Amino acid sequence: MKSILVIGMGRFGTYLAMKLTELGNQVMIADKNEDTVNHLAHHFTDAIIGDCSREEVLAEIGVNNFDICFVTMGESFQSSLEVTSLLKDMGAKYVVSKSGSEIQSKFLLRNGADEVIYPEKDLAFKTAVRFNADNIFDFIQLGADYGVFEIKVPREWVGKDLVRANVRKEYGLNVLAVKKNNSVALAASDYVFGENDHVIVAGAFKNVDRLKH
C-alpha cells in the first residue's frame, strides 16, 4: 500500500485516483474546484480544496509525506509546470506529471518531474497496434520493439502442447499464460491448446505479426 496525492480532478485524474484506491492505496485528492472535490471526497482517504500552484496550499498538504505525487491538471500547462516544480522544491519523493505534448514532457522533466505520462500518445499507440493486426487483443509495451501480448491461439498450435508447438524456437516467443473463458493460468508445458484459447506471449512485435489464424 502506498500513500498517494493526486492533484487535478479532471477525467484522467479522477479515473487514476479511483483505480489507485481500488488497488488498496491511501489516496488524497486536491483540486481548486469546490464542487468537484465535494462530489468526489467520500471515495478517498482525504481531500483538499485549493490552488496547488500556491506554495502555502502544498505546505498545508505536506507533500513530502506521500510516496508518489501525481500532477494531472489539464486546463493550464503553466499551472501544471508550476505545481511540478513546487512539489520537488518542497521535498516530494516522486513526482509524476501528465503531459499533452512532447515539448510539454521536456519542460516537465526539466522542472522537477521524475516521470511524465502522455495518455493520448500512449493510447493512440496502443490502439494502432491493437487494430493493425487481427490477432492482438491487448498488449504492454516493454521497449521499442518488444512487448507482452494477448493473442488468439494460432491454428497451427491447436491440439498441440507447448513442447510440440515449439513456440520459442519456431516463433521466437515465450508463452507466459493461457486465457480460457476469461480465466488466466500460467502456461504448463503439457497444456494442449484449444481453438478458442487466448495466450499471453512475450516477444518482438515482428514475431507476433508473423502469426496467422
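Remember, it's a predicted structure, so these values are computed and weren't measured experimentally.

Conventions adopted
- Residues numbered from 1 in each chain as written.
- Predicted model: local features only at pLDDT ≥ 70, side-chain atom pairs only at ≥ 80, totals over all residues.
- Heavy atoms only, no water.
- Helix = DSSP H or I, 4+ residues; strand = E, 2+ residues; numbered from the N terminus.
- Rg over C-alpha atoms; globule rule 2.2 N^0.38 Å.
- Buried < 20%, exposed > 50% of the residue type's maximum accessible area, 1.4 Å probe, protein only.
- Contact = heavy atoms within 4.5 Å.
- Disulfide = S-S within 2.5 Å.
- Core = buried A, V, L, I, M, F, W, Y, C linked by side-chain atoms within 4.5 Å.
- Salt bridge = Lys/Arg side-chain N within 4 Å of Asp/Glu carboxyl O.
- Pairing = 2+ DSSP bridges.
- Right-handed = clockwise from strand over helix to strand, strands pointing away.
- Phe/Tyr/Trp six-rings, centres within 6.5 Å; stacked < 30°, edge-to-face > 60°.
- Lys NZ or Arg CZ within 6 Å of the ring centre and 35° of its normal.
- Axes fitted to C-alpha atoms, helices over the stretch in contact; angles between N-to-C directions.

A look at the overall build of the chain
Of the regular secondary structure elements, the chain holds nine helices and 11 strands. Relative to a compact globule of 213 residues, whose C-alpha radius of gyration would be 17 Å, the chain shows 22 Å and is clearly more extended. Overall size of the chain, expressed as C-alpha extent along the three principal axes, is 65 × 35 × 25 Å. A burial count over the chain gives 44% of its 213 residues as buried. Of the contacts formed within the chain by residues at least 6 apart in sequence, a portion of 54% connects residues at least 24 apart.

Some words on the state of the cysteines
Tallied over the full model, the rule gives zero disulfides. Cysteine Cys 69 is unpaired, with the sulfur of Cys 52 as its nearest cysteine sulfur at 9.6 Å.

Considering the nonpolar core
Formed by 20 residues in total, the largest nonpolar core has its most connected members in Ile 136, Phe 149, Ile 151, Trp 157, Val 199 and Val 201. Those elements giving two or more residues to this core turn out to be strand S7 (136–141), strand S8 (146–152), helix H8 (167–171), strand S9 (174–180), strand S11 (198–204) and helix H9 (205–210). If sequence neighbours within four positions are ignored, Val 201 has contacts with Gly 147, Val 148, Phe 149, Ile 151, Leu 173, Asn 174, Val 175, Leu 176 and Val 208. Within the second largest apolar cluster, 19 residues are counted, among which are Ala 30, Ile 48, Phe 66 and Val 71.

A word on the pattern of salt bridges
Think of it this way: side chains of opposite charge can pair up when their charged atoms draw near. Taken as a whole and judged by the stated rule, the model has seven salt bridges. For the salt bridge of Glu 102 with Lys 121, the shortest nitrogen-to-oxygen distance reads 2.4 Å. Residue Glu 102 is located in helix H5 (residues 102–110), and its partner Lys 121 is located in helix H6 (residues 119–132); the two are separated by 19 residues in the primary sequence. Take Lys 121: its relative accessible area is 43%, and that puts it in the partly exposed class.

Here we look at the pairing of strand S1 (residues 3–7)
In the case of a regular strand, side chains alternate between the two sheet surfaces. With five of five residues buried, S1 is to be regarded as a mostly interior element. Side-chain alternation along S1 places Ser 3, Leu 5 and Ile 7 on one buried face and Ile 4 and Val 6 on a second face that is also buried. As defined by bridge partners, S1 adjoins strand S2 (residues 26–31) across five bridges and the pair is classed as parallel. Across the sheet, residue Ile 4 finds its bridge partner in S2, namely Val 27. On the question of chirality, the crossover connecting S1 to the parallel S2 by way of helix H1 (residues 11–22) is right-handed. Here four bridges tie S1 to strand S4 (residues 68–71), and the two strands are oriented parallel to one another. Across the sheet, residue Leu 5 finds its bridge partner in S4, namely Cys 69.

Details of the packing of aromatic side chains
If you walk through the whole model with that rule in mind, you get eight aromatic pairs. An angle of 15° between the planes, with centres 5.8 Å apart, marks the rings of Phe 139 and Phe 149 as stacked. Pair noted here: Phe 139 is in strand S7 and Phe 149 is in strand S8, with a separation of 10 residues, a long-range link. The burial state of Phe 139 is the same as that of Phe 149; both residues are buried. Taken together, the ring pairs in this structure connect Phe 125, Phe 139, Phe 149 and Phe 205 into an aromatic cluster. Positioned above the aromatic ring of Phe 107 is the side chain of Arg 110, whose terminal nitrogen or guanidinium carbon lies 5.9 Å from the ring centre.

Comments concerning the sheet that holds S2
Pairing within the open sheet is parallel, and its six strands lie in the order S3-S2-S1-S4-S5-S6. Lying at the two open borders of the sheet, with one neighbouring strand each, are strand S3 (46–49) and strand S6 (115–117). With strand direction ignored, the average angle separating the axes of adjacent strands in the sheet is 20°. With three bridges connecting them, S4 and strand S5 (residues 95–98) associate as parallel partners. Each bridged residue has a counterpart across the sheet, and for Cys 69 the counterpart in S5 is Val 95. Relative to the sheet, H5 contacts S5 and S6, its axis offset from that of S6 by approximately 155°.

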